[in-house]
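Remarks on the overall topology
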Amino acid sequence: MRKPDISASLHEDLSDAASWVENGFRNISMHKDSISRLPSLALYSLEFGGKRIRPFLVRSACAAVGGHPDTALKAACAVEMIHTYSLIHDDLPAMDDDELRRGKPALHIRSGVKQALLAGDLLLIEAFGELLDTPLGPGRIAQMVKCLARAAGPGYLVGGQYMDMYHSEDAGDDWIRTMVLGKTAAMIRVSLELGALSGGADDDVFEAVAAEGDRLGFLFQLTDDILDICGSAEEMGKEVSKDSRQGKRNIVSMMGFDESITKAENMASEIAGRLIDIRGDWEKVASLALYLPTRRK
Ligand code: GRG
């Protein structure tokens, strides 16, 4: 097995992916035909401040299997739109009740709860409209829509959020794992899936990458839980110490802080090692895995 390096150019790649998807947002249909100011509310949350890790994954996976990244642009916009909708709804007082998001007032603080709800709805539905504009054949697009609907649906994103809102009394390791695979990992996994599909991956590569997507998503949430304890609100652009204050169980409270740090480092090198062995050039995605345990935001 080749040993991957943390690429010195990862930050440049992340910033290129951010500019790329933010340019893509300029051409989304939401700008046209609106009868209200809702699109401008959705754009407040969408356009600035996100790390754009999911678009980076879509783009890198497409390139990894030899595709032209622009084939994946609509998919990257779609994933980031659904991710942003989930953040807007998650911040609402009836959900996680956060006032700060991406370093600025959450949408419901700026514009009110009803507007934030509707802007989230708009992003969710428009995401599928964007994905349908992918410049590929109808069979491939149908496959991509199916993947995204599954990731955003009751078995994953929304189901995981439900679990997070209604913690079970006997929430053990399996419960936490299912919740994290839904709430967080599904959108990371689907980013790799859509990138791979838009680049023309075959079934074997697709399956291998999807499995690493689950692990990468779990690792992402593990590092988010670690930063909830030792990160700063300024760097994270959102409130920290929320889970502990609310007495919510998460990966770190289950595993303990020191073990969580070790687990994150081990997971990162295992994921990176397996990615490098998948057919194609997965170095960029492997670099992201290695970076996650060191991230501050
Ligand atoms: C259906 C009403 C309704 C709501 C659904 C699905 C959902 C609301 C919320 C998803 C829950 C959620 C916010 C999961 C956490 C995942 C996570 C760690 C998000 C932060 O991702 P980053 O750090 O954020 O990539 P940026 O701002 O950089 O994009």
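So, here is what we can say about the structure in this document. (Residues numbered from 1 in each chain as written. Predicted model: local features only at pLDDT ≥ 70, side-chain atom pairs only at ≥ 80, totals over all residues. Heavy atoms only, no water.)

The next thing to look at is the environment of Ala196. Secondary-structure assignment places Ala196 in helix α9 (residues 173-199). C-alpha separation for the pair Ala196 and Ala63, spaced 133 residues apart in sequence, amounts to 8.2 Å. When residues no more than four places from it in sequence are discounted, the contact partners of Ala196 are Ala61, Cys62, Val65, Arg140 and Ala201. (Helix = DSSP H or I, 4+ residues; strand = E, 2+ residues; numbered from the N terminus. Contact = heavy atoms within 4.5 Å.)

Near the ligand, the surroundings consist of 18 residues, among which Lys51, Arg54, His83, Arg102 and Gln161 are the closest. Lys51 is positioned with one of its side-chain polar atoms (N or O) 2.6 Å from an oxygen atom of the ligand. Isolated, the ligand exposes 760 Å² of accessible area, and the fraction of that covered by the protein chains is 88%. Under a 2 Å grid-point criterion requiring more than half of the atoms, the pocket assigned to the ligand is the largest pocket. Elements that contribute at least two residues to the shell around the ligand include exactly α4 (73-91), α8 (157-165), α9 and α10 (203-230). (Near = heavy atom within 4 Å. Polar contact = N/O pair within 3.5 Å; in protein donor to acceptor, adjacent residues only side chain to side chain. Areas by Shrake-Rupley, 256 points an atom, 1.4 Å probe, with all protein chains shown as cover. 1 Å grid on protein atoms, 1.4 Å probe; cavity = no way out; pocket = protein on both sides within 12 Å on 5 of 7 lines; lining within 4 Å. Sits in = over half its atoms within 2 Å of the grid points.)

Relative to the assigned elements, Ala186 resides in helix α9. Along the backbone, Ala186 and Asp33 are 153 residues apart, and their C-alpha atoms lie at a distance of 31 Å. If near-sequence neighbours (up to four positions away) are discounted, Ala186 is found in contact with Ala151, Tyr156 and Leu181.

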